[in-house]
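# Observations on the three-dimensional arrangement
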Amino acid sequence: MPRLAVGSIFTECNHLGGTPLELGDFERGELTRGNALLATTHGTLGGALATFREAGATVLPTLAASTCPGGPLTAACYAALKGELLARLVDAFPVDGVLLALHGSATAENAPDLEGDLLTAVRQLVGPRIPVVATLDLHAHVTAEMVSQATALVAWETYPHRDAFGTGSRGARLLLETVAGKCRPTMALAKVPVITAALHGGTDGPGPFADVMRYAKWHESLPGVLSTSVFLVHPYLDLPGLGSGGLVVTDHDAVLARQLAGQIARLYWARRTDLEPVVHRPDEAVALGKQIDGGPVLLVETADCCGGGAAGDSVASLKALLAAGGDERAIVPVVDSEAASLCHAAGERGQVTVQLGHQVDPRWGTPLRVTGVVNHLCDGRFQYAGGIFDGQLGDMGPTAVLRVGAIDILVASRGTYDWNGEQLQRVGLDPRSVKFLVVKNPMNFNMAFRPFATGVFILDTPGPTPASVRNVDFQQLERAWYPGDVTLAWSEPTVFESAWGG
Ligand SMILES: [Zn+2]
């Protein structure tokens, strides 16, 4: 029976804003060590463990750490997580294979390419012959180092991300087959300099990304193709070589891998203009929304997305709603621990005046002074059902609902990943009952609220996760890219290939 080590360091980082991730963020999220990890039944590791168990493999757990996105990991945080994972891996020796559940767009102060750094360290420990398979988010920034150090990389197929469990299973099956000598994976990544936000990056229904994904997945039925992945790179990293495209793992056929990855990258390039969204100023969106019968009209303030690393503390939409009278029922989420604490001090039905917003990451706006009545108080803890954090606890910290005019402001102490409206449910807010609903993510609102929304406006507001990065002044990203240069001409994709394998 094969002896297979598993581990995970999983988050997504933002170079444009947010706050640095500390060990405490992982402790509040997920930080599971050793045998405790074997109880994982959900998410990527849950899928991998179930598959290993079914195959009768001996699982050697190391460390699983995940948290809501933010700024880069501090050097101390990454050193601690990496050090412990590697030490536990060595303790587990001998191993026949390693499975790592990673994101692909994490970065640390001391390791800009966190996953490349981790895979390199694991490879150095296990040597060239032991298979190392890593699962990734389809928003990964896949680097030459990751491709050369891993035996195979397998990414999620869905966005909204519903297939973490399934991807864990797929990665595990590929590892089992490789360890058993049934296949010899080799892979190629081809990417084009297309850097767009994720608003049109859904895989449900028609759409530019969905079309490229279907095209890539169709090739998995071809003989010799073990896995295909498509990447819409997380666009808020300031790193060299950012780009999007395809990755193909074949059974010992480097030419086929390179050829198919190139075809996926070509199609991706052809669809690039369809990935850029139409955006509205908040005041314009509110005025247009008022002309629509009923609600909720969704105001998508994607620039302040906690799930993309932003602080969630913008009040840009709230300002527009108040400027328009503040007399229509609305829900607006804002992260502000001091305001939440003042609400808790005032108690339910108490009246408070607070300076709200832009306190965590003050680069993107100025606080707004509001007076309102506290309608609800709670500890802000909830449980995710589905998605990448399926089964895990979300923790907003002390949380309040502050009613200002007709607007309910969900004041949380900490930012949390948006999945399916869990935060609103936790505080008893009904999104169907309002005229305007402010959402702060680029995609999952489609699943959570769009089915009953009467209108949707993508907002152009300041923040580190904007609807388009065309005006972002990247410092490290060296080459011309779309849409920074909308006239950019086609050039052959950048290709990275396996250094080991085949
Ligand atoms: Zn993602």
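Note that the structure is predicted; figures quoted are calculated from it, not measured.

### Some remarks on the overall build of the chain
Across its full length, the chain holds 13 helices and 20 strands. Its C-alpha radius of gyration of 23 Å places the chain within 12% of the 23 Å reference for a compact globule of 502 residues. Counting only C-alpha atoms, the chain reaches 65 × 50 × 40 Å along its principal axes. Going through the 502 residues of the chain one by one, you find that 62% of them count as buried. Counting contacts in the chain only where the partners sit at least 6 residues apart, residues at least 24 apart contribute 75% of the total. A total of about 17900 Å² of accessible surface is found on the chain, and carbon and sulfur atoms cover 51% of it. The centroid of the 37 positive side-chain charges in the chain is displaced by 3 Å from the centroid of its 51 negative side-chain charges.

### Focus on helix α10 (residues 316–323)
Where α10 is concerned, the buried positions are Ala316, Ser317, Leu318, Ala320 and Leu321. One or two positions beyond α10, positive phi appears at Gly325, with a value near 115°.

### Side note on the sheet that holds strand β3 (residues 58–66)
If you walk across this open sheet you meet the six strands as β2-β3-β1-β4-β5-β6, and the pairing is mixed. Taken across any chain shown, the strands that pair with only one partner, and hence form the sheet edges, are β2 (30–33) and β6 (152–155). Neighbour to neighbour, the strand axes of the sheet diverge by 15° on average, direction disregarded. Across the sheet, helix α4 (residues 114–126) is in contact with β1 (3–10), β4 (97–102), β5 (132–136) and β6; its angle to β4 comes to roughly 170°.

### What to know about unusual backbone geometry
A negative phi angle characterises most non-glycine residues, just as the trans form characterises most peptide bonds. A cis amide bond links Tyr159 with the next residue in sequence, Pro160, at an omega value of 5°. Structurally, the position occupied by Pro160 is in the loop between β6 and α6 (164–179). The phi torsion at His252 lies on the positive side, around 60°, for a residue other than glycine. Locating His252 in the fold gives a position in the loop between β9 (244–251) and α8 (254–270). The backbone phi angle of His358 is positive, close to 55°, even though this residue is not glycine. Mapped onto the elements of the fold, His358 is located in the loop between β12 (351–356) and β13 (368–378).

### Regarding the domain arrangement of the chain
Taken domain by domain, the chain consists of domain 1 (3–275) and domain 2 (282–458). Taking the mean C-alpha position of each, domain 1 and domain 2 sit 31 Å from one another. With 29 residues of domain 1 in contact, the opposing surface of domain 2 contributes 28 residues. Interface of domain 1 and domain 2: buried area, both sides summed, is about 2100 Å²; carbon and sulfur atoms make up 62% of it. Inspection of the region where domain 1 meets domain 2 yields zero salt bridges. Counting every contact that joins domain 1 to domain 2 gives four residue pairs in polar contact (both at pLDDT 80 or more). Its residues placed into classes, the side of domain 1 that touches domain 2 shows 11 nonpolar, 14 polar and four charged.

### Things to note about the layout of surface pockets
Roughly 530 Å³ of volume is contained in the largest pocket. Around the largest pocket, the lining comprises 28 residues; the ones closest to its centre are Asp25, Thr67, Cys68, Arg414 and Gly415. Taken together, the elements giving at least two residues each to the lining of the largest pocket come down to α1 (23–28) and β15 (393–395). Element by element, the count of residues in the lining of the largest pocket is highest for β15, at three residues. Its residues assigned to classes, the lining of the largest pocket shows 13 nonpolar, 11 polar and four charged. A domain split of the lining of the largest pocket shows at least three residues from each of domain 1 (3–275) and domain 2 (282–458). Of the pockets and cavities examined, the second largest pocket occupies roughly 300 Å³. In this structure, the second largest pocket is lined by 19 residues; those nearest its centre are Asp460, Pro466, Ser468, Asn471 and Val472. Partitioning the lining of the second largest pocket into residue classes produces 11 nonpolar, four polar and four charged.

Each value, and the rule that gives it
Residues numbered from 1 in each chain as written. Predicted model: local features only at pLDDT ≥ 70, side-chain atom pairs only at ≥ 80, totals over all residues. Heavy atoms only, no water. Helix = DSSP H or I, 4+ residues; strand = E, 2+ residues; numbered from the N terminus. Rg over C-alpha atoms; globule rule 2.2 N^0.38 Å. Buried < 20%, exposed > 50% of the residue type's maximum accessible area, 1.4 Å probe, protein only. Contact = heavy atoms within 4.5 Å. Areas by Shrake-Rupley, 256 points an atom, 1.4 Å probe, with all protein chains shown as cover. Lys, Arg positive; Asp, Glu negative; His and termini not counted. Charge placed at Lys NZ, Arg CZ, Asp CG, Glu CD. Pairing = 2+ DSSP bridges. Axes fitted to C-alpha atoms, helices over the stretch in contact; angles between N-to-C directions. Domains from an automatic or database assignment. Buried area = accessible area lost by both parts, 1.4 Å probe. Salt bridge = Lys/Arg side-chain N within 4 Å of Asp/Glu carboxyl O. Polar contact = N/O pair within 3.5 Å; in protein donor to acceptor, adjacent residues only side chain to side chain. Nonpolar A, V, L, I, M, F, W, Y, C, P; charged D, E, K, R; others polar. 1 Å grid on protein atoms, 1.4 Å probe; cavity = no way out; pocket = protein on both sides within 12 Å on 5 of 7 lines; lining within 4 Å. Points joined across faces, edges and corners; volume = space filled by probe spheres on them.

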